[in-house]
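# Coordinate analysis (summary)
Each chain is listed here by its residues.
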Amino acid sequence: MRKILLTLVGLLALSPLASATAAADEPVDLLKTLYQKRFTLDHTGAPLVLIGVASGLDAVEISSPEGVDLLPNGTSGVRISGPKTVKITRTSGTPGRVQYYLALEAVPLSDPDLVAKTRVRLAPRGVTAREQGYVISMGPRMLDTRRVLFSLGPYTAPQASEAMARERAAFPHAFVHAEFATLPSGTFVAASGDNAFRVTQTGAMAFEPTAKSPLAYHLDGKAHRVDGRLIIIFGMDGRLILVNELSIEKYLEGILPSEMFPSAPAEALKAQAVAARGQVLAKMGQRHNTDPFHLCSKVHCQAYDGLEKGDPRTDLAVRQTAGQVLFDAAGFPADTVYSSSCGGHGEHNENVWGGKPNPLLRGRPDGPPLDKDLSRFFRQPSRSFCARLPGGAGASRWKVVRTATELQQSLATVGFSGKVTDLVPRRRGVSGRILELEIRGGAKPLVLSGELVIRRALGGLRSSLFVHKKLKDGAFEFTGAGFGHGVGLCQWGAMGRASGGQKAPEILRHYYPGSLLQKLY
Ligand SMILES: [Zn+2]
Ligand SMILES: [Zn+2]
């Protein structure tokens, strides 16, 4: 029998809360459990994810056609059968306290040599090693997202920004991360509309449907139906947060239609489902450190609206790939990043985000080899997989004009003042994406680094794979290819390949070379 063992390590392992393990017969402190973000599995062995669907609330309504069950201590405690609609109202609340750290460098725990070397190298800086992430092991397979953050602090929020400004030149990938010092607390009432049913609760409470019909929460005059259970819990601001706890598979069904059109070829949707599953598993435990959930329902993590967004074709793609995760040759999960269109050639991960080259994220031609002469490349029609379908051609090739005023305005955001006289690409990646661009014409020349920085500074270009032409009156014309960073799976390319008869495993093997597709649960 397959046995799945789950362990959560992380910031918690170093926080005072980790020692507070409740004995088996003690009631579970639901609030504390959620802030610790322990990983649990559903009856199929699929991880449960906690999604923060709304925060800063004073009141919210939860309903189900056959009634709502209240679980004051989570699934392990008592169950109170409530009315069809329960109105939750906050009566008091005390905020928690957060402290901030500046992570100078983040190193995967799976690379002990690098962890040891970094520790020695950064010791003179007075850093502390703070672990983040989780590990799920299943026999010889291990899903390990743990990383060591070599950090300065603790700081207040402004101190952390100051430290960031001070260290940025020496540590270009430094970032601020938050941890909680004390948890929030408070009291709310869960009651029926006529107040005949009324329960007062501190901290948090879980809700499940009494029968088959799903739960819905009511906000802004709209009902949002969700899979799984809902949890009301105090946020760090002392107000209420609504969390949806559900199987990662059901969550994927909810987000897949926002990742790829449900009308896309079935095998492309399956490849997309595997890549999205990998990204959800990678993001869980790496963000929202001081929130009682893994991911939010906003664009920051992935726009999610429960059962309101489902589609039979994307649902099927998730079900047909249930539990399938890509691993590298060493048995670690692949970082399955993706973007809309590579434009004809994928990009190396280190060229976009820095860090070590990832053998699974090598930029390769998405069809015929890239013409090194870019002006000739742009004169010829695209023959790449991402340009095969009618919709993909537009994402694969584009042309845009920026007037002198538009350029002046957008370049002001990166500290450039003056009139742009010329743009000089200093360095291009393997896909042709510009990684360093010199802007001439200001008081002194400005060099922009990073494909996203360059795209934004030029008023939001689809990609940094472009050539330009100076027009009259200081305007510039950009002729480009691709949409997004181009690392990992090319979504339009996957659709082009699937329309040509390729199956999902073959598509995944192309975009993540050397990866292995495995069923994790
Ligand atoms: Zn988020
Ligand atoms: Zn492509």
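Throughout what follows, the structure given in this document is the object of discussion. (Residues numbered from 1 in each chain as written. Chains lettered and ligands numbered in written order. Predicted model: local features only at pLDDT ≥ 70, side-chain atom pairs only at ≥ 80, totals over all residues. Heavy atoms only, no water.)

## Focus on the side chain of His510
Within the secondary structure, His510 is located in helix α14 (residues 504-511). Of note is the side chain of His510, whose polar atom sits 3.1 Å from the side chain of Arg497. Every residue in contact with His510, bar those within four places of it in the chain, is listed here: Arg364, Pro365, Asp366 and Arg497. (Helix = DSSP H or I, 4+ residues; strand = E, 2+ residues; numbered from the N terminus. Polar contact = N/O pair within 3.5 Å; in protein donor to acceptor, adjacent residues only side chain to side chain. Contact = heavy atoms within 4.5 Å.)

## Structural notes on the pattern of salt bridges
Per the stated rule, a full pass over the model turns up 24 salt bridges. Salt-bridge contacts for Glu105 lead to Arg121; the nearest nitrogen and oxygen are separated by 2.8 Å. Here Glu105, found in strand β7 (residues 97-108), pairs with Arg121, found in helix α3 (residues 112-122); they are 16 residues apart in sequence, far enough to count as distant. Since its relative accessible area comes to 23%, Glu105 is described here as partly exposed. Judged by relative accessible area, Arg121 falls into the partly exposed class, the value being 47%. With its nearest N and O atoms 2.5 Å apart, the salt bridge here joins Glu179 to Arg130. A residue pair is termed long-range when its members are at least 10 positions apart, and Glu179 in strand β12 (residues 175-182) and Arg130 in strand β8 (residues 128-132) qualify at 49 residues. Accessibility classification places Glu179 together with Arg130 in one group, the buried group. Through salt bridges with shared partners, a single ionic network connects Asp69, Arg79, Glu208, Arg229 and Glu245. (Salt bridge = Lys/Arg side-chain N within 4 Å of Asp/Glu carboxyl O. Buried < 20%, exposed > 50% of the residue type's maximum accessible area, 1.4 Å probe, protein only.)

## A word on the coordination of the zinc ion (ligand 2)
Surrounding the zinc ion (ligand 2) are the protein donor atoms Cys342 (SG), Asp366 (OD), Cys386 (SG) and Cys490 (SG), which sit 2.1 to 2.4 Å from the metal. Classification of the site at the zinc ion (ligand 2) as tetrahedral follows from its four donor atoms and the range of 104 to 118° in their angles at the metal. Written as a sequence motif, the donor arrangement for the zinc ion (ligand 2) is C-x23-D-x19-C-x103-C. With Cys342 in the loop between β22 (338-339) and α8 (349-353) and Cys490 in strand β29 (residues 489-490), the pair connects residues that are 148 residues apart, well separated along the chain. No difference in accessibility class separates Cys342 from Cys490, as the two residues are buried. (Donors = N, O, S within 2.8 Å, 3.2 Å for Na, K, Ca; no water. Tetrahedral: all angles 85-135°; square planar, octahedral: opposite > 155°, others 65-115°.)

## Topic: the coordination of the zinc ion (ligand 1)
Surrounding the zinc ion (ligand 1) are the protein donor atoms His288 (NE2), Cys296 (SG), His300 (ND1) and Cys301 (SG), which sit 2.0 to 2.3 Å from the metal. For the zinc ion (ligand 1), the four donor atoms in the first shell make angles of 102 to 118° at the metal, so the coordination geometry reads as tetrahedral. Linear spacing of the donor residues for the zinc ion (ligand 1) on their chain is H-x7-C-x3-H-C. A relative accessible area of 52% places His300 in the exposed class.

## Some words on helix α4 (residues 157-167)
All of the buried residues in α4 are Ala160, Ala163, Met164 and Glu167. Viewed end-on, α4 has its buried residues packed into an arc of 105°, placing them on one side of the element. Across α4 from its buried face, at more than 90 degrees, point the exposed residues Pro158, Glu162, Ala165 and Arg166. Buried residues in α4 make contact with β7, β11 (147-155) and β12. (Arc of directions from axis to C-beta.)

## A few points about the side chain of Glu451
Among the structural elements, Glu451 can be located in helix α12 (residues 451-457). Polar contacts involving the side chain of Glu451 include one to the side chain of Arg455, which spans 2.9 Å. Setting aside anything within four residues of it in sequence, one finds Glu451 in contact with Val352, Ile434, Ser464, Gly484 and His485.

## Observations regarding the sheet that holds β8
A sheet is described by the order of its strands in space; here four strands give the open sequence β8-β11-β7-β12, paired in antiparallel fashion. At either margin of the open sheet sits one strand with a lone partner, and together these are β8 and β12. The average undirected angle you get between the axes of adjacent strands in this sheet is 45°. As paired elements, β8 and β11 share five bridges and run antiparallel to each other. Opposite Gln132, over in β11, you have Arg147 as the bridge partner. Contacts from α3 reach β7, β8 and β11, with the element oriented near 115° to β7. (Pairing = 2+ DSSP bridges. Axes fitted to C-alpha atoms, helices over the stretch in contact; angles between N-to-C directions.)

## Here's the deal with the sheet that holds strand β2 (residues 48-57)
Within the open sheet, the seven strands sit side by side as β5-β4-β15-β18-β19-β2-β20. Their pairing is mixed. Two strands lie at the open edges of the sheet, namely β5 (80-81) and β20 (295-296), each paired on one side alone. Bridge count for strand β4 (residues 68-71) against β5 is two bridges, and the pairing is antiparallel. By the bridge assignment for β5, Asp69 is matched with Ser81. Along the sheet, helix α5 (residues 248-259) makes contact with β2, β19 (240-247) and β20, crossing β19 at roughly 105°.

## Description of the environment of Val352
Residue placement: Val352 occurs in helix α8. According to the relative accessible area criterion, Val352 is buried, its value standing at 16%. Residues Val352 and Glu451 lie 99 residues apart in sequence; the distance between their C-alpha atoms is 6.5 Å. Among residues more than four places away in sequence, those in contact with Val352 are Glu347, Glu451, His485 and Val487.

## A word on the environment of Lys419
Here Lys419 shows up in strand β24 (residues 418-428). Spatially, the C-alpha atoms of Lys419 and Ile439 are 9.8 Å apart, while their sequence positions differ by 20 residues. When neighbours within four sequence positions are excluded, Lys419 is seen to be in contact with Gln408, Arg440, Gly441, Gly442 and Gly474.

## Side note on the nonpolar core
Membership of the largest hydrophobic core comes to 96 residues, with the highest contact counts inside it found for Ile88, Phe207 and Leu242. Per-element tally for this core: the top contributor is helix α6 (residues 266-283), with nine residues. (Core = buried A, V, L, I, M, F, W, Y, C linked by side-chain atoms within 4.5 Å.)

## Details of the pairing of strand β18 (residues 229-234)
Of all six residues making up β18, six are buried, and the element is well covered by its neighbours. Across the two faces of β18 the burial is the same, with Arg229, Ile231 and Ile233 and Leu230, Ile232 and Phe234 all buried. As defined by bridge partners, β18 adjoins β19 across six bridges and the pair is classed as antiparallel. The partner of Phe234 across the bridge, within β19, is Leu240.

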